[in-house]
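Here are the chains, one letter per residue:
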Amino acid sequence: MLTNIFDPLEVWFVVGSQQLYGPDALAQVAQNAATIVDALNESTQLSVKVHYKPIVTTPEKVHNICLAANGEANCVGLICWMHTFSPAKMWITGLKALRKPLLQLHTQFNREIPWSSIDMDFMNLNQTAHGGREFGYLGSRMRLQRKIVVGHWQDADVLTQIGTWMRAAAAWHDAQGARFARFGDNMREVAVTEGDKVSAQLQFGISVSAYGLGDLVGYVEGVTNQAITDLLAIYEEQYTLAPTLQVDGAERAALVEAARIELGIQSFLSDGSFKGFTTNFENLHGLVQLPGIGVQRLMARGYGFGAEGDWKTAALLRAMKVMGAGLEGGSSFMEDYTYHFSSQGNKVLGAHMLEICPSIAAETPNVEVHPLSIGGKADPVRLVFDAQPGPALNATIIDLGGRFRLIVNTVEVVAPEAPLPNLPVARALWQPHPSFNVAVTAWILAGGAHHTGFSLSLNPQYLDDFAEIANIEYVLIDQDTSLRHLKKELHWNDLYYHLAHGLI
Ligand code: MN
(Lines give C-alpha, C1' and ligand atoms only; values in the text may rest on other atoms or scores of the structure.)
Protein backbone atom coordinates (compact mmCIF):
# COMPACT_ATOMS: atom_id res chain seq x y z
CA MET A 1 0.00 0.00 0.00
CA LEU A 2 3.04 2.29 0.23
CA THR A 3 4.26 1.62 -3.31
CA ASN A 4 4.27 4.91 -5.23
CA ILE A 5 3.05 6.77 -2.15
CA PHE A 6 5.26 9.75 -3.02
CA ASP A 7 4.21 9.95 -6.68
CA PRO A 8 1.25 12.34 -6.34
CA LEU A 9 3.01 14.53 -3.76
CA GLU A 10 4.82 17.78 -4.39
CA VAL A 11 7.05 20.24 -2.58
CA TRP A 12 6.91 23.85 -3.67
CA PHE A 13 10.12 25.76 -4.30
CA VAL A 14 9.54 29.39 -3.41
CA VAL A 15 12.18 32.03 -4.05
CA GLY A 16 12.01 35.28 -2.18
CA SER A 17 13.31 38.54 -3.58
CA GLN A 18 12.10 42.13 -3.96
CA GLN A 19 11.46 44.64 -6.77
CA LEU A 20 14.60 46.66 -6.02
CA TYR A 21 16.92 44.83 -8.38
CA GLY A 22 15.10 45.39 -11.68
CA PRO A 23 13.73 42.90 -14.21
CA ASP A 24 17.09 41.64 -15.49
CA ALA A 25 18.28 40.55 -12.07
CA LEU A 26 14.93 38.94 -11.26
CA ALA A 27 14.99 37.09 -14.57
CA GLN A 28 18.40 35.73 -13.64
CA VAL A 29 17.11 34.72 -10.19
CA ALA A 30 14.23 32.88 -11.84
CA GLN A 31 16.54 31.09 -14.25
CA ASN A 32 18.91 30.04 -11.48
CA ALA A 33 16.02 28.82 -9.32
CA ALA A 34 14.67 26.75 -12.21
CA THR A 35 18.12 25.23 -12.68
CA ILE A 36 18.23 24.22 -9.01
CA VAL A 37 14.73 22.75 -9.15
CA ASP A 38 15.73 20.68 -12.19
CA ALA A 39 18.81 19.44 -10.34
CA LEU A 40 16.74 18.54 -7.27
CA ASN A 41 14.30 16.60 -9.41
CA GLU A 42 17.13 14.69 -11.02
CA SER A 43 18.55 13.64 -7.65
CA THR A 44 17.79 10.09 -6.57
CA GLN A 45 17.92 11.31 -2.96
CA LEU A 46 14.64 13.19 -3.31
CA SER A 47 11.48 11.11 -3.39
CA VAL A 48 8.95 13.95 -3.77
CA LYS A 49 8.75 16.09 -6.90
CA VAL A 50 9.77 19.73 -6.50
CA HIS A 51 7.56 22.30 -8.21
CA TYR A 52 9.13 25.59 -9.18
CA LYS A 53 6.97 28.59 -8.29
CA PRO A 54 7.23 32.17 -9.57
CA ILE A 55 9.47 34.45 -7.52
CA VAL A 56 7.70 36.32 -4.74
CA THR A 57 8.60 39.99 -4.43
CA THR A 58 5.71 41.52 -2.48
CA PRO A 59 3.75 40.76 0.72
CA GLU A 60 0.69 39.98 -1.39
CA LYS A 61 2.55 37.43 -3.50
CA VAL A 62 3.99 35.78 -0.41
CA HIS A 63 0.56 35.61 1.22
CA ASN A 64 -1.06 34.22 -1.90
CA ILE A 65 1.47 31.46 -2.36
CA CYS A 66 1.17 30.40 1.28
CA LEU A 67 -2.63 30.28 0.98
CA ALA A 68 -2.32 28.33 -2.28
CA ALA A 69 0.05 25.83 -0.61
CA ASN A 70 -2.45 25.36 2.21
CA GLY A 71 -5.17 24.68 -0.33
CA GLU A 72 -3.19 22.26 -2.51
CA ALA A 73 -3.94 18.81 -1.13
CA ASN A 74 -0.82 17.24 -2.62
CA CYS A 75 1.61 19.93 -1.44
CA VAL A 76 3.48 18.48 1.53
CA GLY A 77 5.71 21.46 2.22
CA LEU A 78 7.59 24.55 1.05
CA ILE A 79 11.28 25.01 0.35
CA CYS A 80 12.06 28.71 0.66
CA TRP A 81 15.27 30.22 -0.69
CA MET A 82 16.38 33.83 -0.58
CA HIS A 83 18.55 34.20 -3.70
CA THR A 84 18.74 37.92 -3.01
CA PHE A 85 17.67 39.99 -0.06
CA SER A 86 13.94 39.69 0.62
CA PRO A 87 12.88 42.03 3.43
CA ALA A 88 11.24 39.67 5.88
CA LYS A 89 8.39 41.88 7.02
CA MET A 90 6.79 41.09 3.70
CA TRP A 91 6.75 37.41 4.75
CA ILE A 92 4.86 37.92 8.02
CA THR A 93 1.31 37.70 6.71
CA GLY A 94 2.10 34.70 4.55
CA LEU A 95 4.02 32.74 7.15
CA LYS A 96 1.32 33.43 9.74
CA ALA A 97 -1.13 31.73 7.40
CA LEU A 98 1.11 28.88 6.26
CA ARG A 99 -0.03 25.48 7.50
CA LYS A 100 2.48 23.33 5.62
CA PRO A 101 5.97 22.21 6.72
CA LEU A 102 8.72 24.70 5.89
CA LEU A 103 12.33 24.19 4.88
CA GLN A 104 14.68 27.12 4.54
CA LEU A 105 17.32 26.29 1.95
CA HIS A 106 20.32 28.48 2.67
CA THR A 107 22.31 28.06 -0.49
CA GLN A 108 23.92 30.18 -3.18
CA PHE A 109 23.75 29.59 -6.92
CA ASN A 110 27.44 30.29 -7.43
CA ARG A 111 29.61 27.81 -5.62
CA GLU A 112 32.81 29.87 -5.54
CA ILE A 113 33.64 33.55 -5.56
CA PRO A 114 34.89 34.48 -9.05
CA TRP A 115 37.92 36.26 -7.71
CA SER A 116 39.05 37.97 -10.90
CA SER A 117 35.64 39.10 -12.13
CA ILE A 118 33.55 39.70 -9.03
CA ASP A 119 31.83 43.09 -9.14
CA MET A 120 28.78 44.70 -7.57
CA ASP A 121 26.40 43.04 -10.04
CA PHE A 122 27.58 39.68 -8.74
CA MET A 123 27.27 40.92 -5.17
CA ASN A 124 23.69 42.11 -5.78
CA LEU A 125 22.66 38.82 -7.28
CA ASN A 126 24.25 36.42 -4.81
CA GLN A 127 22.96 37.62 -1.46
CA THR A 128 21.84 34.47 0.31
CA ALA A 129 24.48 35.07 2.95
CA HIS A 130 22.50 38.01 4.31
CA GLY A 131 19.09 37.47 2.65
CA GLY A 132 18.77 34.08 4.32
CA ARG A 133 19.62 35.55 7.70
CA GLU A 134 16.87 38.16 7.40
CA PHE A 135 14.41 35.36 6.62
CA GLY A 136 15.83 33.24 9.43
CA TYR A 137 15.39 36.03 11.94
CA LEU A 138 11.69 36.19 11.19
CA GLY A 139 11.37 32.44 11.58
CA SER A 140 12.94 32.66 15.02
CA ARG A 141 10.92 35.73 15.94
CA MET A 142 7.72 33.91 14.97
CA ARG A 143 8.89 30.69 16.67
CA LEU A 144 8.24 28.85 13.44
CA GLN A 145 8.77 25.13 13.30
CA ARG A 146 11.11 24.72 10.35
CA LYS A 147 14.07 22.87 8.92
CA ILE A 148 17.17 24.80 7.92
CA VAL A 149 19.54 23.29 5.36
CA VAL A 150 22.84 25.04 4.72
CA GLY A 151 25.32 24.33 1.94
CA HIS A 152 25.77 24.39 -1.82
CA TRP A 153 22.75 22.94 -3.60
CA GLN A 154 24.86 20.40 -5.47
CA ASP A 155 26.47 18.97 -2.33
CA ALA A 156 25.44 15.44 -1.45
CA ASP A 157 24.84 16.36 2.18
CA VAL A 158 22.39 19.12 1.20
CA LEU A 159 20.46 16.74 -1.04
CA THR A 160 20.39 14.13 1.73
CA GLN A 161 19.03 16.64 4.22
CA ILE A 162 16.33 17.83 1.83
CA GLY A 163 15.45 14.23 0.98
CA THR A 164 15.12 13.29 4.65
CA TRP A 165 12.91 16.28 5.40
CA MET A 166 10.74 15.52 2.37
CA ARG A 167 10.03 12.04 3.66
CA ALA A 168 9.19 13.44 7.12
CA ALA A 169 6.90 16.00 5.46
CA ALA A 170 5.26 13.20 3.45
CA ALA A 171 4.69 11.20 6.65
CA TRP A 172 3.15 14.28 8.24
CA HIS A 173 0.92 14.72 5.21
CA ASP A 174 -0.07 11.06 5.47
CA ALA A 175 -1.01 11.51 9.14
CA GLN A 176 -3.44 14.37 8.50
CA GLY A 177 -6.87 12.79 8.74
CA ALA A 178 -5.38 9.29 9.08
CA ARG A 179 -7.68 6.80 10.77
CA PHE A 180 -6.57 4.08 13.17
CA ALA A 181 -8.73 1.19 14.38
CA ARG A 182 -8.44 -0.11 17.92
CA PHE A 183 -9.83 -3.65 18.22
CA GLY A 184 -10.92 -3.90 21.79
CA ASP A 185 -9.39 -1.30 24.03
CA ASN A 186 -6.29 -0.99 26.15
CA MET A 187 -4.69 -3.96 27.92
CA ARG A 188 -6.12 -3.67 31.40
CA GLU A 189 -4.02 -1.66 33.88
CA VAL A 190 -1.26 -0.80 31.39
CA ALA A 191 -0.25 2.86 31.63
CA VAL A 192 2.09 3.74 28.80
CA THR A 193 -0.18 2.55 25.99
CA GLU A 194 -2.89 4.96 27.13
CA GLY A 195 -3.03 8.59 26.12
CA ASP A 196 -5.16 11.55 25.23
CA LYS A 197 -6.64 10.80 21.82
CA VAL A 198 -8.13 14.28 21.50
CA SER A 199 -4.70 15.81 22.06
CA ALA A 200 -3.23 13.36 19.56
CA GLN A 201 -5.74 14.42 16.94
CA LEU A 202 -4.97 18.08 17.56
CA GLN A 203 -1.21 17.49 17.55
CA PHE A 204 -0.71 14.85 14.85
CA GLY A 205 -3.91 14.92 12.80
CA ILE A 206 -4.70 11.25 13.47
CA SER A 207 -7.96 9.85 14.76
CA VAL A 208 -8.26 6.65 16.78
CA SER A 209 -11.55 4.76 17.07
CA ALA A 210 -12.28 1.64 19.05
CA TYR A 211 -14.28 -1.27 17.62
CA GLY A 212 -15.83 -4.23 19.34
CA LEU A 213 -14.44 -7.59 18.30
CA GLY A 214 -17.82 -8.49 16.85
CA ASP A 215 -17.29 -5.87 14.14
CA LEU A 216 -14.08 -7.61 13.11
CA VAL A 217 -15.47 -11.14 13.50
CA GLY A 218 -18.17 -10.27 10.95
CA TYR A 219 -15.44 -9.59 8.40
CA VAL A 220 -13.50 -12.71 9.35
CA GLU A 221 -16.60 -14.88 8.90
CA GLY A 222 -17.27 -13.30 5.53
CA VAL A 223 -13.94 -14.41 4.04
CA THR A 224 -14.39 -16.76 1.09
CA ASN A 225 -12.70 -20.13 0.76
CA GLN A 226 -11.21 -19.05 -2.55
CA ALA A 227 -9.55 -16.04 -0.91
CA ILE A 228 -8.11 -18.35 1.76
CA THR A 229 -6.81 -20.78 -0.87
CA ASP A 230 -5.13 -17.91 -2.71
CA LEU A 231 -3.51 -16.59 0.45
CA LEU A 232 -2.27 -20.03 1.46
CA ALA A 233 -0.51 -20.20 -1.92
CA ILE A 234 1.19 -16.89 -1.12
CA TYR A 235 2.27 -18.22 2.27
CA GLU A 236 3.74 -21.27 0.56
CA GLU A 237 5.54 -19.17 -2.02
CA GLN A 238 7.00 -16.54 0.31
CA TYR A 239 7.89 -18.49 3.46
CA THR A 240 9.12 -21.84 4.70
CA LEU A 241 6.18 -23.67 6.23
CA ALA A 242 6.65 -25.99 9.18
CA PRO A 243 5.81 -29.59 8.13
CA THR A 244 2.66 -29.69 10.23
CA LEU A 245 1.31 -26.59 8.43
CA GLN A 246 1.84 -27.92 4.94
CA VAL A 247 -0.94 -29.48 2.87
CA ASP A 248 -2.25 -32.51 4.74
CA GLY A 249 -0.17 -31.52 7.79
CA ALA A 250 -1.67 -32.20 11.21
CA GLU A 251 -2.04 -28.48 12.00
CA ARG A 252 -3.02 -27.20 8.55
CA ALA A 253 -6.35 -26.05 9.98
CA ALA A 254 -4.53 -23.51 12.14
CA LEU A 255 -2.95 -21.98 9.02
CA VAL A 256 -6.34 -21.84 7.31
CA GLU A 257 -7.73 -20.02 10.34
CA ALA A 258 -4.76 -17.60 10.39
CA ALA A 259 -5.34 -16.81 6.71
CA ARG A 260 -9.03 -16.21 7.40
CA ILE A 261 -8.16 -13.78 10.20
CA GLU A 262 -5.61 -11.94 8.04
CA LEU A 263 -8.12 -11.51 5.23
CA GLY A 264 -10.82 -10.40 7.66
CA ILE A 265 -8.62 -7.72 9.22
CA GLN A 266 -7.45 -6.63 5.79
CA SER A 267 -11.02 -6.16 4.54
CA PHE A 268 -12.00 -4.30 7.69
CA LEU A 269 -9.05 -1.92 7.36
CA SER A 270 -9.55 -1.47 3.65
CA ASP A 271 -13.29 -0.76 3.96
CA GLY A 272 -12.67 1.83 6.66
CA SER A 273 -9.61 3.40 4.97
CA PHE A 274 -7.55 2.75 8.07
CA LYS A 275 -3.78 3.26 8.07
CA GLY A 276 -3.09 1.23 11.17
CA PHE A 277 -4.65 -0.76 13.96
CA THR A 278 -4.16 -2.26 17.38
CA THR A 279 -5.14 -5.60 18.86
CA ASN A 280 -5.41 -6.76 22.45
CA PHE A 281 -4.97 -10.36 23.51
CA GLU A 282 -7.44 -9.74 26.33
CA ASN A 283 -10.14 -8.88 23.78
CA LEU A 284 -10.39 -11.71 21.27
CA HIS A 285 -14.02 -12.70 21.62
CA GLY A 286 -15.06 -14.57 18.48
CA LEU A 287 -11.54 -14.96 17.07
CA VAL A 288 -10.14 -18.47 17.15
CA GLN A 289 -6.52 -17.39 17.63
CA LEU A 290 -4.62 -14.19 18.41
CA PRO A 291 -3.79 -12.55 15.07
CA GLY A 292 -0.12 -13.33 14.36
CA ILE A 293 1.04 -13.86 10.80
CA GLY A 294 -1.78 -11.65 9.58
CA VAL A 295 -0.64 -8.71 11.69
CA GLN A 296 2.95 -9.31 10.65
CA ARG A 297 2.10 -9.30 6.97
CA LEU A 298 -0.20 -6.27 7.22
CA MET A 299 2.66 -4.37 8.84
CA ALA A 300 4.89 -5.36 5.94
CA ARG A 301 2.33 -3.86 3.58
CA GLY A 302 2.58 -0.51 5.36
CA TYR A 303 -0.04 -0.58 8.11
CA GLY A 304 0.95 0.83 11.48
CA PHE A 305 0.44 -1.58 14.36
CA GLY A 306 0.54 -1.58 18.13
CA ALA A 307 -0.24 -4.51 20.42
CA GLU A 308 -2.32 -4.27 23.61
CA GLY A 309 -4.22 -1.27 22.30
CA ASP A 310 -1.07 0.78 21.75
CA TRP A 311 -2.42 3.28 19.23
CA LYS A 312 0.48 5.75 19.69
CA THR A 313 2.98 3.14 18.51
CA ALA A 314 0.65 2.15 15.67
CA ALA A 315 0.56 5.77 14.48
CA LEU A 316 4.31 6.21 14.94
CA LEU A 317 5.07 3.01 13.05
CA ARG A 318 2.84 4.10 10.18
CA ALA A 319 4.77 7.39 9.99
CA MET A 320 8.05 5.48 10.08
CA LYS A 321 6.89 3.19 7.28
CA VAL A 322 5.95 6.17 5.12
CA MET A 323 9.30 7.85 5.81
CA GLY A 324 11.12 4.63 4.95
CA ALA A 325 9.06 3.64 1.91
CA GLY A 326 11.35 2.22 -0.75
CA LEU A 327 14.50 2.42 1.39
CA GLU A 328 16.69 -0.51 2.32
CA GLY A 329 15.65 -2.32 5.50
CA GLY A 330 12.27 -2.16 7.14
CA SER A 331 10.42 -1.00 10.23
CA SER A 332 8.50 -3.02 12.79
CA PHE A 333 6.53 -2.90 15.96
CA MET A 334 8.97 -4.00 18.68
CA GLU A 335 9.25 -4.57 22.39
CA ASP A 336 12.31 -4.70 24.64
CA TYR A 337 11.73 -8.21 25.85
CA THR A 338 14.67 -9.66 27.74
CA TYR A 339 18.35 -8.92 28.46
CA HIS A 340 21.69 -10.58 27.89
CA PHE A 341 24.25 -9.44 30.46
CA SER A 342 27.62 -10.48 29.19
CA SER A 343 31.30 -9.61 29.38
CA GLN A 344 31.09 -9.43 25.56
CA GLY A 345 28.68 -6.50 25.91
CA ASN A 346 25.18 -6.29 27.33
CA LYS A 347 22.40 -6.71 24.80
CA VAL A 348 18.64 -6.42 24.44
CA LEU A 349 16.55 -9.16 22.86
CA GLY A 350 13.60 -7.50 21.20
CA ALA A 351 10.52 -9.49 20.23
CA HIS A 352 6.81 -9.71 20.99
CA MET A 353 4.27 -12.41 21.53
CA LEU A 354 3.94 -12.68 17.73
CA GLU A 355 3.78 -9.35 15.97
CA ILE A 356 7.15 -8.47 14.44
CA CYS A 357 7.20 -7.25 10.84
CA PRO A 358 9.01 -9.45 8.30
CA SER A 359 10.36 -6.33 6.57
CA ILE A 360 13.27 -6.50 9.05
CA ALA A 361 14.01 -10.21 8.49
CA ALA A 362 17.53 -11.32 7.62
CA GLU A 363 16.35 -14.45 5.86
CA THR A 364 13.19 -16.12 4.59
CA PRO A 365 10.83 -16.38 7.59
CA ASN A 366 9.53 -19.69 8.82
CA VAL A 367 5.83 -20.16 9.42
CA GLU A 368 5.23 -21.98 12.67
CA VAL A 369 2.42 -22.65 15.10
CA HIS A 370 2.97 -22.85 18.84
CA PRO A 371 0.91 -22.46 21.97
CA LEU A 372 0.64 -18.96 23.42
CA SER A 373 1.11 -18.96 27.16
CA ILE A 374 -1.44 -16.16 27.62
CA GLY A 375 -4.75 -15.32 26.02
CA GLY A 376 -6.50 -18.67 26.31
CA LYS A 377 -7.06 -19.17 22.58
CA ALA A 378 -6.03 -21.73 19.97
CA ASP A 379 -2.35 -21.88 19.04
CA PRO A 380 -1.58 -18.90 16.79
CA VAL A 381 0.44 -19.09 13.57
CA ARG A 382 3.38 -16.72 13.30
CA LEU A 383 6.40 -15.86 11.16
CA VAL A 384 9.68 -16.65 12.92
CA PHE A 385 13.00 -15.05 11.89
CA ASP A 386 16.04 -13.10 13.06
CA ALA A 387 16.38 -9.40 12.23
CA GLN A 388 19.00 -8.21 9.78
CA PRO A 389 22.15 -7.04 11.62
CA GLY A 390 23.23 -3.41 11.20
CA PRO A 391 22.55 0.11 12.46
CA ALA A 392 18.97 0.63 13.61
CA LEU A 393 16.89 2.67 16.03
CA ASN A 394 14.01 2.40 18.43
CA ALA A 395 11.46 5.20 18.70
CA THR A 396 8.58 5.79 21.07
CA ILE A 397 5.96 8.48 21.57
CA ILE A 398 4.74 8.91 25.12
CA ASP A 399 1.97 11.06 26.54
CA LEU A 400 3.32 13.06 29.46
CA GLY A 401 -0.09 14.45 30.33
CA GLY A 402 0.48 17.94 28.98
CA ARG A 403 2.41 17.00 25.86
CA PHE A 404 3.84 14.25 23.69
CA ARG A 405 7.53 13.31 23.76
CA LEU A 406 9.29 11.41 20.98
CA ILE A 407 12.29 9.44 22.22
CA VAL A 408 14.78 7.82 19.85
CA ASN A 409 17.67 5.49 20.69
CA THR A 410 20.20 4.40 18.11
CA VAL A 411 21.26 0.76 18.35
CA GLU A 412 23.42 -1.78 16.55
CA VAL A 413 21.62 -4.99 15.65
CA VAL A 414 23.87 -8.02 15.98
CA ALA A 415 23.46 -11.67 15.10
CA PRO A 416 22.41 -13.97 17.95
CA GLU A 417 25.40 -15.54 19.68
CA ALA A 418 23.89 -18.98 19.19
CA PRO A 419 20.80 -20.49 17.52
CA LEU A 420 17.52 -20.10 19.43
CA PRO A 421 15.74 -23.33 18.49
CA ASN A 422 13.11 -23.07 21.20
CA LEU A 423 12.18 -19.42 20.79
CA PRO A 424 9.00 -19.45 18.69
CA VAL A 425 8.89 -15.74 17.77
CA ALA A 426 10.67 -13.31 15.48
CA ARG A 427 13.39 -11.36 17.26
CA ALA A 428 16.15 -8.78 17.04
CA LEU A 429 19.25 -8.62 19.23
CA TRP A 430 20.89 -5.22 19.67
CA GLN A 431 23.39 -3.15 21.60
CA PRO A 432 22.02 0.31 22.35
CA HIS A 433 24.12 3.49 22.10
CA PRO A 434 26.09 4.94 23.76
CA SER A 435 26.26 1.88 26.00
CA PHE A 436 23.68 -0.51 27.36
CA ASN A 437 23.69 0.98 30.85
CA VAL A 438 23.57 4.63 29.81
CA ALA A 439 21.03 4.03 27.06
CA VAL A 440 18.63 2.08 29.23
CA THR A 441 18.98 4.53 32.11
CA ALA A 442 18.33 7.43 29.74
CA TRP A 443 15.34 5.68 28.16
CA ILE A 444 13.78 5.01 31.56
CA LEU A 445 14.49 8.54 32.80
CA ALA A 446 12.80 9.93 29.70
CA GLY A 447 9.78 7.67 30.25
CA GLY A 448 10.23 5.65 27.06
CA ALA A 449 7.71 2.86 26.51
CA HIS A 450 8.46 -0.85 26.31
CA HIS A 451 6.82 -0.79 22.87
CA THR A 452 8.68 0.92 20.05
CA GLY A 453 8.82 1.52 16.38
CA PHE A 454 12.03 -0.24 15.38
CA SER A 455 13.70 0.65 12.10
CA LEU A 456 16.57 -0.57 10.00
CA SER A 457 15.79 1.95 7.27
CA LEU A 458 15.67 5.25 9.16
CA ASN A 459 18.34 7.26 10.95
CA PRO A 460 17.40 9.67 13.76
CA GLN A 461 17.26 12.69 11.46
CA TYR A 462 13.96 11.47 9.99
CA LEU A 463 12.39 11.36 13.46
CA ASP A 464 13.98 14.68 14.38
CA ASP A 465 12.44 16.32 11.30
CA PHE A 466 9.07 14.67 11.99
CA ALA A 467 9.09 15.93 15.59
CA GLU A 468 9.97 19.42 14.38
CA ILE A 469 7.05 19.43 11.96
CA ALA A 470 4.70 17.99 14.60
CA ASN A 471 5.99 20.53 17.14
CA ILE A 472 6.59 17.96 19.86
CA GLU A 473 9.48 17.33 22.20
CA TYR A 474 12.30 15.22 20.76
CA VAL A 475 14.84 13.39 22.90
CA LEU A 476 17.69 11.56 21.17
CA ILE A 477 19.76 8.94 22.96
CA ASP A 478 22.83 8.16 20.85
CA GLN A 479 26.63 7.97 20.95
CA ASP A 480 26.82 11.54 22.33
CA THR A 481 24.38 11.06 25.22
CA SER A 482 25.58 11.66 28.76
CA LEU A 483 23.20 11.14 31.66
CA ARG A 484 24.34 14.36 33.30
CA HIS A 485 23.26 16.40 30.28
CA LEU A 486 20.16 14.34 29.57
CA LYS A 487 18.75 14.92 33.05
CA LYS A 488 19.13 18.66 32.59
CA GLU A 489 17.61 18.49 29.10
CA LEU A 490 14.53 16.73 30.47
CA HIS A 491 14.13 19.30 33.26
CA TRP A 492 14.62 22.22 30.90
CA ASN A 493 12.18 20.72 28.40
CA ASP A 494 9.55 20.47 31.13
CA LEU A 495 9.87 24.18 31.73
CA TYR A 496 10.09 25.11 28.08
CA TYR A 497 6.99 23.23 26.99
CA HIS A 498 5.03 24.36 30.02
CA LEU A 499 5.81 27.98 29.23
CA ALA A 500 5.63 27.71 25.45
CA HIS A 501 2.27 25.93 25.42
CA GLY A 502 0.78 28.16 28.09
CA LEU A 503 -2.83 27.30 28.71
CA ILE A 504 -2.86 25.01 25.68
MN1 MN B 1 3.54 -5.70 24.41
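Residues numbered from 1 in each chain as written. Predicted model: local features only at pLDDT ≥ 70, side-chain atom pairs only at ≥ 80, totals over all residues. Heavy atoms only, no water.

### Examining helix α15 (residues 483-501)
- Here α15 contains 19 residues, and its C-alpha end-to-end distance of 26 Å stays within 8% of the 27 Å for a straight helix at 1.5 Å per residue.
- Every buried residue belonging to α15 is among Leu486, Leu490, Asn493 and Tyr497, and all of these are buried. Projected down its long axis, α15 carries its buried residues within an arc of 60 degrees, all on one side. Residues of α15 that are exposed and angled more than 90 degrees away from the buried face: Arg484, His491, Trp492, Leu495, His498 and Leu499.
- The inward-facing, buried residues of α15 abut β16 (404-414), α13 (436-446) and β19 (473-477). (Helix = DSSP H or I, 4+ residues; strand = E, 2+ residues; numbered from the N terminus. Expected span 1.5 Å × (residues − 1). Buried < 20%, exposed > 50% of the residue type's maximum accessible area, 1.4 Å probe, protein only. Arc of directions from axis to C-beta. Contact = heavy atoms within 4.5 Å.)

### Some words on unusual backbone geometry
- Cis geometry marks the peptide bond from His433 to Pro434; its omega dihedral reads 0 degrees.
- As for its placement among the helices and strands, Pro434 is situated in the loop between β17 (427-432) and α13.
- For Asp248, which is not glycine, the phi torsion reads 70 degrees and is therefore positive.
- Tracing the backbone shows Asp248 in the loop between β8 (240-241) and α10 (252-271).
- Its relative accessible area of 76% is what places Asp248 among the exposed residues.
- The backbone phi angle of Ser273 is positive, close to 50 degrees, even though this residue is not glycine.
- Looking at the element boundaries, Ser273 is found in the loop between α10 and β9 (274-278).
- By relative accessible area, which is 53% here, Ser273 ends up exposed.

### Here we look at the sheet that holds strand β14 (residues 381-384)
- The strand order across the open sheet built from three strands is β8-β13-β14, with neighbouring strands paired in mixed fashion. Of all strands in the sheet, those with a lone pairing partner are β8 and β14, marking the two edges.
- Against the sheet, α10 engages β8, β13 (366-369) and β14, with an angle of about 90 degrees to β14.
- Relative to the sheet, helix α11 (residues 293-300) contacts β13 and β14, its axis offset from that of β14 by approximately 50 degrees. (Pairing = 2+ DSSP bridges. Axes fitted to C-alpha atoms, helices over the stretch in contact; angles between N-to-C directions.)

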